[in-house]
There are 2 protein chains.
Amino acid sequence: MPEHARNKEQAILDAAEREFLTKGFDGARTTSIAQAAGVTHAMLHYYFRTKEKIFERILDEKMRLMGESVLTAFGSPGLPLSERLRQGIENHFDFVAANPDLPRFLVNEVFARPERYEAMRQRIRWIMNPLLADLQRELDEAAARGEADPADALMLLLDVISLNVFPFLAYPVLEPLLGDLAGDRTRFFAQRKAENLEVIRKRLLKTPQR
Amino acid sequence: MPEHARNKEQAILDAAEREFLTKGFDGARTTSIAQAAGVTHAMLHYYFRTKEKIFERILDEKMRLMGESVLTAFGSPGLPLSERLRQGIENHFDFVAANPDLPRFLVNEVFARPERYEAMRQRIRWIMNPLLADLQRELDEAAARGEADPADALMLLLDVISLNVFPFLAYPVLEPLLGDLAGDRTRFFAQRKAENLEVIRKRLLKTPQR
DNA sequence: ATTATCTATAGATCTATAGATAATGC
DNA sequence: ATTATCTATAGATCTATAGATAATGC
């Protein structure tokens, strides 16, 4: 395929990504995508046949990206557990900060598309189960050595992801409450990152009290 | 207004709620709403003029409901702090469990409607700021008495809401990972509730280590 | 008299394609 | 010869309304 065509194809995908990420499948317009990509509307159908097919390309890539972000964040080599978690939380947080409307997009479109669900289930398992098993082993060993309270790897990872992702989803609702942080998105999220690290650190602390 | 008309009006609102909550504004169809409500399509416009106006009714009510859920959950009278938080987390969690697609709806539609944002900001502040001030005072007092680590009320509340809400948003993505809990939604969410209580309890524990 | 309801359709979008023309690679 | 591109438009939806008719309240 000649280079200028590749460029147009890519321009369409780039424009489609922005359109779908901000407006969702139902709100997105192929005419807007064409305009943003600087091609005539007919070109979209020439390269991709249908709106649905363009969308699938975007959704698949974004799902892969989100899964990999967790994997690469927490999949570090033989670091001590506490350090591995610290790096994992930071890396995952930074990834979400760099892609702030990715979670909203995925949550929505995956919910709206039960028909694509089965293929997705397999991929999620395939990506995440090895990580969970490895993390569980480390957690068990740390607990056995008396360095940490026992914990379930899935529950712990879900704590991290909840804490990291939710503030980005809810930011418009939170912003009015920020007081002296209002408008200062960067500082607010820096504070959130520190808080999340602290919450998880304490979650694993061995504490005699109850 | 005669009773049968009230009934139709309410039937339309009920149908619209289901349609908008599951499909969002862009995906919702006024024809589907009319059909689900058991009225002709023209009746929607007779009672509400436009799709947008029906939607506003639903969005306003749901935003109010979500705000009040936080307020009533955590606004308990003079209980000890730890007990107040425990009840707050449980009540808020139960509310979300009873309205599992409310968060997704609000996150989306609020994001998509910056034009309604200013009115919303005021209401959010008005509802939440007194609660935050009261909670902060209690946290400061507990810290001064040496019963708890110092904490920022907004950060703590955001921890709670993140932990409570996110698993409902992400459930379809999580379900393939549940292992022996797969398919058993109830047991999974019971475990999440317990985990969230534990995370927040430990967050406030006074710990000498660092 | 006013309010509620229905049928039929206007009018606005939006996706998709037909069919002609231009550019490219062999 | 094949691939890329454009203009023009078909065809499908979807929201909204016009205008007639039925029901209701005074």
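Residues numbered from 1 in each chain as written. Chains lettered and ligands numbered in written order. Predicted model: local features only at pLDDT ≥ 70, side-chain atom pairs only at ≥ 80, totals over all residues. Heavy atoms only, no water.

Considerations on the pattern of salt bridges
In a structure, side chains of opposite charge can pair up when their charged atoms sit close to one another. Residues and elements named next belong to chain A. Heads up, the condition is: We define a salt bridge as a contact between a side-chain nitrogen of Lys or Arg and a carboxyl oxygen of Asp or Glu at a distance within 4 Å. Here a strand is any run of E in DSSP of at least two residues, a helix any run of H or I of at least four, and the numbering for each starts at the N terminus. Note on classification: 1.4 Å probe, protein chains only; a residue is buried when its accessible area is under 20% of the maximum for its type, exposed when over 50%, partly exposed between these limits.
Counted according to the given criterion, the structure contains 42 salt bridges over all chains. Notably, a salt bridge pairs Arg 84 with Asp 134, separated by 2.8 Å at the nearest N-O pair. Here the residue Arg 84 occupies a position in helix α5 (residues 81-98), and Asp 134 occupies one in helix α7 (residues 117-144), the gap between them amounting to 50 residues. Classification of Arg 84 by relative accessible area gives buried; the value is 1%. Classification of Asp 134 by relative accessible area gives partly exposed; the value is 26%. A salt bridge links Arg 121 to Glu 118; its shortest N-O distance comes to 3.7 Å. Here Glu 118 and Arg 121 lie together in helix α7, a separation of 3 residues that amounts to about one turn.

Considerations on the relation of the copies chain A and chain B
Rules: Least-squares fitting of one copy onto the other uses the C-alpha atoms of those residues that reach a pLDDT of at least 70 in both copies. Any two residues whose heavy atoms approach within 4.5 Å are treated as being in contact.
For the match of chain A to chain B, the screw axis carries a shift of 0.0 Å, the RMSD comes to 0.1 Å, and the turn is 180°. Given the turn and translation reported, the copies of this chain are related as if by a two-fold rotation axis. In this assembly the copies share their binding face: 100% of the residues contributing to the interface of chain A also contribute to that of chain B.

Thoughts on the domain arrangement of chain A
All names here are of chain A. Under the convention used in this document: Residue ranges assigned to each domain were obtained from an automatic or database domain assignment. In this description, buried area is defined as the sum, over both parts, of the accessible area (probe of 1.4 Å) that is lost when the two are combined. Within 3.5 Å is the distance limit for a polar contact, defined as a pair of N or O atoms, with the added protein rule that one can donate a hydrogen and the other accept it, and that residues adjacent in sequence qualify only through two side-chain atoms.
Under the domain assignment, chain A is made up of domain 1 (1-49) and domain 2 (57-204). The gap between the C-alpha centroids of domain 1 and domain 2 is 31 Å. Listed as interface residues are 10 residues of domain 1 and, on the opposing side, 10 residues of domain 2. Here domain 1 packs against domain 2, burying approximately 800 Å² in sum over the two surfaces, 60% of which is carbon and sulfur. Across the domain 1-domain 2 interface, the total number found is 1 salt bridge. Glu 17 is paired through a salt bridge with Lys 62; the nearest N and O atoms lie 3.0 Å apart. At the surface where domain 1 touches domain 2, the tally comes to 2 residue pairs in polar contact (both at pLDDT 80 or more).

Looking at the interface of chain A and chain B
Let me state the cut-off plainly: Charged residues are taken to be Asp, Glu, Lys and Arg, nonpolar residues to be Ala, Val, Leu, Ile, Met, Phe, Trp, Tyr, Cys and Pro, and polar residues to be all remaining types, Gly included.
Across the contact, 51 residues belong to chain A and 51 residues belong to chain B. Carbon and sulfur atoms make up 64% of the area that chain A and chain B hide from each other, which totals about 5,000 Å². When the area that chain A buries against chain B is broken down by residue, the three leading residues are Phe166(A), Leu177(A) and Lys202(A), summing to 14%. Inspection of the region where chain A meets chain B yields 8 salt bridges. With a shortest N-O distance of 2.4 Å, Glu175(A) and Arg121(B) are connected by a salt bridge. Looking at the side of chain A that touches chain B, the elements that each hand over two or more residues are α1 (3-27), α6 (102-112), α7, α8 (153-174) and α9 (185-204) of chain A. Looking at the side of chain A that touches chain B, the element that brings in the most residues is α8(A), giving 15 residues. Classifying every residue of the side of chain A that touches chain B gives 27 nonpolar, 8 polar and 16 charged.

Quick look at the packing of helix α5 (residues 81-98) of chain B against helix α9 (residues 185-204) of chain B
Residue and element names in this part refer to chain B. Let me state the cut-off plainly: For helices, the fitted line uses only the C-alpha atoms of the stretch in contact; every axis is such a line through C-alpha atoms, and the angle between N-to-C directions lies from 0 to 180 degrees. Oblique is the label for every angle not falling under 35 degrees (roughly parallel), over 145 degrees (roughly antiparallel), or within 65 to 115 degrees (roughly perpendicular). The handedness criterion is simple: a crossing whose near helix is rotated anticlockwise from the far helix by less than a right angle is left-handed, and one whose near helix is rotated clockwise is right-handed.
Put simply, α5 and α9 touch, their axes get as near as 10 Å, and they point 150° apart. If you check the angle between α5 and α9, you find them roughly antiparallel. In this structure, the crossing between α5 and α9 has a hand that is right-handed. Between α5 and α9, the residues in contact are Leu 85, Arg 86, Ile 89, Glu 90, Phe 93 and Asp 94 and Phe 189, Arg 192, Lys 193, Asn 196, Leu 197, Ile 200 and Leu 204, respectively. Partitioned by chemical class, the residues of the contact of α5 with α9 number 7 nonpolar, 1 polar and 5 charged.

Quick look at the packing of aromatic side chains
How we decide: Two rings from Phe, Tyr or Trp (for Trp, the six-membered ring) form a pair when their centres are within 6.5 Å of each other. A pair whose planes differ by under 30 degrees is stacked, one over 60 is edge-to-face, and the rest are tilted.
On inspection of all chains with the given rule, the structure shows 22 aromatic pairs over all chains. Ring centres of Phe25(B) and Phe55(B) lie 5.0 Å apart, and the angle between their planes is 70°; this geometry places the pair in the edge-to-face category. With Phe25(B) in helix α1 (residues 3-27) and Phe55(B) in helix α4 (residues 51-74), the pair connects residues that are 30 residues apart, well separated along the chain. Pairwise contacts between aromatic rings join Phe93(A), Phe168(A), Tyr171(A), Phe188(A) and Phe189(A) into one cluster.

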